[in-house]
Amino acid sequence: MQNQLVYMDHGATTPVRKEVVDSMLPFFQEQYGNPSSLHTPGRKVRQAVDEAREKTAQALGADPEDIYFTSGGTESNNIAMRGTAKNRSGGGHIITSSIEHHAVFDVCRDLENEGYKVTYLPVDQFGRVSPEMVRKAIKPDTFIISIMAANNEIGTLQPIREIGSLAGELGILFHTDAVQVVGQLPVNVDDLNVDFLSLSAHKFNGPKGIGALYVRKGVKVDSIYRGGSQERKMRPGTENVPGIIGLSRALELAVSDIPKKKKRLEALRDELIGGLLRIDDVVLNGHPEQRLPGNVNVSFKHIEGESVLLSLDMEGIAASSGSACSSGSLEPSHVLSATGLDQSTAHGSVRFSLGWGNSKEDVDYVLQKVPSIVERLRNISPTYHSR
Amino acid sequence: MYNETVIDHFNNPRNIGELSDADGVGETGSFKCGDTMVLYIKVKNERIEDVRFQTYGCGAAIASSSMLTEMVKGKKIDEAMQITNQEVADALGGLPPLKLHCSNLAADALHNAIIDYRQKQGAS
Ligand SMILES: Cc1ncc(COP(=O)(O)O)c(C=O)c1O
Ligand SMILES: [Zn+2]
């Protein structure tokens, strides 16, 4: 039925670059030593891991000893939030936003059940947290603020630098889930004034199941795991060596490509947004300017997102949706609800997330297919007819 | 995720639209996921002579609406009243477990349409 694949779900994951795969391969069958071993094969691998840590640190403007490799964004977020809370055992106050990824949001919910207090800051209609709101939410016992650098669904960029300097000024720890931003936009931990930063390789053309957590020197975090002394006990367990190598290579490549890639994706993004908004009753979700270079999120009124995804898939277009029926939990996206979008418009949301592989032809193809898909589904819909 | 029958009904839904001279109209919605269905029936000699639907919802909701209309066309209204949501899902060859909830609209809309028809009968 379909003769091409137009992959526009880079917010979910990305293909691994050839150079990255090549960098990883020797670490499966040739350099397979355990980096903790004292023998030569082990020491060689240790050296490769050390180099990867240096490269990773360099990409973030950090010190190598402040980088901890993890299994991805989820684990990085868990370690930062739980580890900080654990160090403070006895309670205290956490500030986060109402649009965090579940890997922060649900950890905060758990911490609430364990006796910590949490403020979930509201966002404006574009999904922005205001630094002023953060300031107002601060209490004497606030010990950590966690605000994502960019939202994975609607792509809204947060004023991380402002929140970072506010947190620094008041001596409160600041974590940012930068999973969607690292490799897409320049990130410097000192410039952003963050104490913790989570990243995940598979979002920047690296392998899945590997990520990192930056922890500023001197910040007190308790390990939430028990095991060996790998990653200075913060993430015990034999290192995912090929993953670590792949992450560092992917990050190095992604960061050097940022200037080119950002311009290119922004142009494609704006063209796609413009084209989609020419269809009747379509609204843009997220911020018109302050958004990830590759993120397009729109709601098609009178129709439901999953049915749009299904139709797109039949045309060879891969996208995603925040609708209840597509979520697997039958709950509409908490992000769209937080922006004040009414339920039915939220159900009609579709995210197209662009990446390196996408071309102008892909955007044209999507813009050629979407209007008829939308029209067909609207013709079935009762709410469209009863207008 | 969906089988071929479901995809077929999603792609080529049967009996879509409104019936301007419907004898009964039934509506139902899922409060949880937002899916909504409106069903129109035309009744002659206690049989469903014609049926149309409009659905706002996911693939499962659209496909089960379409399948239901095929199942009830020509049926006696007493028989139609007995059709269950499970039978609609079965006729589609099954739905993913999470999606059963989305298909739990079609039979309800039908029953509401029949109740509407009976009420109108009683009133006239
Ligand atoms: C903002 C954000 N945080 C965390 C994650 C989780 O990352 P991972 O899949 O590497 O655990 C994702 C990816 O889905 C994300 O988009
Ligand atoms: Zn549904």
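Here is a short report on the structure shown in this document. All figures in this text were calculated on a predicted structure; none of them were measured in a lab.

Turning our eyes to something else, we now look at the overall build of chain A. Looking only at helices and strands, chain A has 14 helices and twelve strands in total. Computed over the C-alpha atoms, the radius of gyration of chain A is 22 Å, within 12% of the 21 Å expected from 2.2 N^0.38 for a compact globule of 387 residues. Structurally, chain A occupies a C-alpha span of about 70 × 55 × 35 Å along its principal axes. Within chain A, the proportion of its 387 residues that are buried is 59%. Counted over contacts in chain A with a minimum sequence separation of 6, partners at least 24 positions apart contribute 72%. Of the roughly 15600 Å² of accessible surface on chain A, 50% is carried by carbon and sulfur atoms. Separation between the mean location of the 42 positive side-chain charges and that of the 47 negative ones in chain A comes to 3 Å.

All names here are of chain A. A sheet is described by the order of its strands in space; here three strands give the open sequence β9-β10-β12, paired in antiparallel fashion. Of all strands in the sheet, those with a lone pairing partner are β9 (282-284) and β12 (349-353), marking the two edges. Ignoring which end each strand starts from, the neighbouring axes of this sheet average 30° apart. As judged from the five bridges shared by strand β10 (residues 295-300) and β12, these two strands associate in the antiparallel manner. Among the inter-strand pairings, Val 298 is bridged to a residue of β12, identified as Val 350.

Right, let's get into the site of ligand 1. Residues and elements named next belong to chain A. In the vicinity of ligand 1 lie 13 residues, with Thr 74, Asp 177, Gln 180, Ser 200 and Lys 203 positioned nearest. One of the backbone N or O atoms of Gly 73 is found 2.9 Å from an oxygen atom in ligand 1. Thr 74 places a side-chain nitrogen or oxygen 2.6 Å from an oxygen atom of ligand 1. Across the complex, the protein chains shield 85% of the 400 Å² of accessible surface that ligand 1 would expose by itself. For the shell around ligand 1, a count of residues per class yields two nonpolar, nine polar and two charged.

We now examine the environment of His 334 of chain A. Residue and element names in this part refer to chain A. As for its position among the elements, His 334 is in helix α11 (residues 334-338). Distance in space between the C-alpha atoms of His 334 and Ser 98 is 7.5 Å, their sequence separation being 236 residues. With residues up to four places along the chain from it excluded, the contact list for His 334 reads Ser 98, Ile 99, Glu 100, His 102 and Phe 105. A polar side-chain atom of His 334 sits 2.7 Å from the main-chain carbonyl oxygen of Glu 100.

Bringing the side chain of His 287 of chain A into the picture now. Residue and element names in this part refer to chain A. Tracing the backbone shows His 287 in the loop between β9 and β10. Exposure remark for His 287: the relative accessible area of 13% places this residue in the buried category. At 3.0 Å, the side chain of His 287 and the backbone nitrogen of Glu 289 are in polar contact. Each residue touching His 287, except ones within four places of it in the same chain, is listed here: Phe 126, Arg 128 and Thr 156.

What counts, and at which threshold
Residues numbered from 1 in each chain as written. Chains lettered and ligands numbered in written order. Predicted model: local features only at pLDDT ≥ 70, side-chain atom pairs only at ≥ 80, totals over all residues. Heavy atoms only, no water. Helix = DSSP H or I, 4+ residues; strand = E, 2+ residues; numbered from the N terminus. Rg over C-alpha atoms; globule rule 2.2 N^0.38 Å. Buried < 20%, exposed > 50% of the residue type's maximum accessible area, 1.4 Å probe, protein only. Contact = heavy atoms within 4.5 Å. Areas by Shrake-Rupley, 256 points an atom, 1.4 Å probe, with all protein chains shown as cover. Lys, Arg positive; Asp, Glu negative; His and termini not counted. Charge placed at Lys NZ, Arg CZ, Asp CG, Glu CD. Pairing = 2+ DSSP bridges. Axes fitted to C-alpha atoms, helices over the stretch in contact; angles between N-to-C directions. Near = heavy atom within 4 Å. Polar contact = N/O pair within 3.5 Å; in protein donor to acceptor, adjacent residues only side chain to side chain. Nonpolar A, V, L, I, M, F, W, Y, C, P; charged D, E, K, R; others polar.

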